[in-house]
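A structural walkthrough
Letter by letter, the chains look like this.
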Amino acid sequence: RRLWLALRAQTFPGTPSVESGMDLESQSPRQQRSVRQVVAEVALSNPGRERSLDVEEESGIGPQATRESMKSFPHAATSMVEPYRTNGVYKFLTLLGLFLAPFYLVYLWSNRRSDIKSFSSFFFVGEIINFVLSLLSRLLLWHRQQRHMCRLDALSPPFPREQWPRVHIWCCQYTEPPADLVDTLRQSVQFDYPPESVVTILDDGFYKRKGEVYEKTQIGQQMEDMIGETLAAFTQLGHAGIKKTWREVCPDERSRSYRHEVAPGGSSIIEFQVEGLPLVRFVCRKKGPDSFSKTGNLENALWNIMEDDVNFMVLLDADMAPRSDVLQLLLPTMLQYRDSEWKPDWRTAFVSSPQDFKNIEHVWGASDPMNQQNKFFWQILPTALDSLGLVHFWGTNVAFFVPALKDVTGFVYACISEDTATGAQLHRLGWSSSFVGGASLSLFTGLCKENVEETFHQRKRWCQGNIQHCLMELDPPLVLADSFRYPPYRHELWRRLQDVKDQDRSDRAPEPISPEDVGAESRRSRRSWKWKVLRELAYFPCKNAFWYHLQPIYYYSIALAILYMGQPPFLIDSRPIVNPLDFFSRFHVVLAYWLANSLANFFGYSYVLDDPNNPNSPLWRAQQEYWGYAWIRLVGLVEGLWSARTGKQPRWAVVGAAGRFNVFYELPNAVAFVTMAMSMAVVVANYCIAAGFGCGSELLPGPSTVPASDLVGCLLACFCVLFLMWPVTS
């Protein structure tokens, strides 16, 4: 790695450095030493830094990242976007499917089977719903783009390093093993960024509440020891080189902004200071009877702990180890050059980056049967949302503009997945968001779930949050518990949204939220009816997830039904086409509609046709995940609805010990798979017995009632179901 840096500096003079982004030739020898040699010296003298370089190499800092840093950016530009090269083909196929859809639906209706008319009608209604859901998904991916970032130290005009904004890095910790946080902490204190920033570990497991007394837990002590051991590796004095202080934040210290409900007992703050490194702040919350889960942890940090003059904050999960230049890549899109200096643009609320995992192959194998990589969710969907400025907040790997977060009264309470709901409220107020990262640029690397039960529980929790978000915005009276409808600061949020609506209806200029706020008019323009439609489209798959999660169950029941009937729910009109218009009234239009949608799916997953990341594996895995998680997602929807009705939040922790077999979670998948496979075997055996010996069951398809070609078609449909269910079921 060091040899490559040295050779590159000599071979390509005048190009930005991978580590610093600076022009090496334009610097003095002393400056050149600080860029080239100091990193090497730290790596040689510090095993932690050597590990940092290894993680960066695995995360994609290499020739590809070098090409990114060598891009030429226009004056005062912080990023450039490049449309997907398959956008044109994808849009054509989407429009073709939209054109064929009416003919497809008319064919299904006019060719219903008279002997099973009710089943044919059920299938027809289902296909109408599926067409609408499919169309909305296609429109959501209408324009995809890749965003190329300009680092802070490569901006033009230059952004002096001493003027870079102060940033707080938050790492959320509950009861995860302290070892999971080691890489995250080690990387966070080695950012290529001024050391005035603060790394804050938000530990919700340090104290255990017994009545009015807070007792330190064993894992809390282990966390404190881990921080000391990790930081001691960065100084020759070891633990003696760490200045450690302990202080208490009491509920009445900041009465104007202190949020008592999230930390009624206050917080203990242990600060670790090592010369030359950012301050590490260990925050131990003293929770009340209702902890408000992760929302309470974040709200405590935002309102009760963090200083008021901090404008930028990066939020990480405990295991998400960042790259050393992550701040330089996340912050620029929230900046704007005006009045001869770089300042916040007051338009961008947050910048999201995808999750990447380093243990997938070790735990699950190269095939990733549980689709832990989830490339559609982390790499494909965000590129489309980025073109609208409506990228979602996914709970981690995100940089926030803090005044925007406070504009919506902070993080949303009462939703178990507070992330998506909070991002949606920011977008409702007109704030935009961006996406940084992709297949060739991974800024954070963490740990995926390591067993089936934990993975199912995670996906179930996401669905619980989806239905809660939907119910929160619908707010149906007499259905939801008061504690869900009116959690802390919900009235303030609705009041803020109503005030903004009243301003937009009037002719007066929008009110800035700060004297420095220059984005009020821009945010107002993003609250028009056009943006409301786009916003609803962007959040439709989340808020209305139950429609999508019912689709696999619907198709499973259809496949099983046609297997036992031996015929599809519609007649197959395969008469020859005499004139071109006959095409639209024959079975050919069904095949054309299915083919157009399948190809649109394929191109929706690909940047270019020879995309190395490409379409095949992510596409199949996404479809197989769609089927394999159908049951657990349905459970999540029901539990989320029930929790909103009763006001009792679902448990956050995994049910049972890690690695245990959870019958309720896992058995339905196995039963459904075996049922389909055995049904296929029974039907085929009965057909063969009836054909050979004439003594098969009359209740099942036989040669006298069902042509062999029809039976093969039914078996093919069932085989597709088994193929889609197999990876997760296995």
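Structural notes, computed from the coordinates. All values reported here derive from a predicted model rather than from experimental measurement. (Residues numbered from 1 in each chain as written. Predicted model: local features only at pLDDT ≥ 70, side-chain atom pairs only at ≥ 80, totals over all residues. Heavy atoms only, no water.)

As a further point, take the packing of aromatic side chains. What the rule picks out here adds up to 43 aromatic pairs. Plain terms: the ring middles of F159 and W342 are 6.5 Å apart, the flat faces sit at 35 degrees to each other, and that makes the pair tilted. Highlighted residues: F159 in the loop between β2 (145-149) and β3 (167-173) and W342 in strand β13 (residues 341-344), separated in sequence by 183 residues. On the basis of relative accessibility, which here comes to 7%, the residue F159 falls in the buried class. With 6.3 Å between their ring centres and 50 degrees between their planes, F393 and F411 make a pair best called tilted. Residue F393 is located in the loop between α12 (375-388) and β15 (398-401), and its partner F411 is located in the loop between α13 (402-407) and α14 (418-428); the two are separated by 18 residues in the primary sequence. The class of F393 is buried, set by a relative accessible area of 0%. Pairwise contacts between aromatic rings join F206, Y207, Y214, W246 and F282 into one cluster. One cation-aromatic arrangement involves R144 over Y90; the distance from NZ or CZ to the ring centre is 4.8 Å. The ring of W303 is capped by K406, whose NZ or CZ atom sits 5.3 Å from the centre of that ring. (Phe/Tyr/Trp six-rings, centres within 6.5 Å; stacked < 30°, edge-to-face > 60°. Helix = DSSP H or I, 4+ residues; strand = E, 2+ residues; numbered from the N terminus. Buried < 20%, exposed > 50% of the residue type's maximum accessible area, 1.4 Å probe, protein only. Lys NZ or Arg CZ within 6 Å of the ring centre and 35° of its normal.)

Bridge analysis of strand β5 (residues 207-210) against strand β6 (residues 213-216) gives 4 bridges, and the strand direction is antiparallel. Paired with K210 across the two strands is V213, which belongs to β6. (Pairing = 2+ DSSP bridges.)

Our next topic: the packing of α14 against helix α15 (residues 452-474). With their axes 10 Å apart at the nearest point, α14 and α15 run at an angle of 40 degrees to one another. Looking at the two axes, α14 sits oblique to α15. Together, T420, A421, A424, Q425 and R428 of α14 and H469, M472 and E473 of α15 make up the contact between the two elements. Broken down by class, the residue content of the contact of α14 with α15 amounts to 3 nonpolar, 3 polar and 2 charged. (Axes fitted to C-alpha atoms, helices over the stretch in contact; angles between N-to-C directions. Parallel < 35°, antiparallel > 145°, perpendicular 65-115°, else oblique. Contact = heavy atoms within 4.5 Å. Nonpolar A, V, L, I, M, F, W, Y, C, P; charged D, E, K, R; others polar.)

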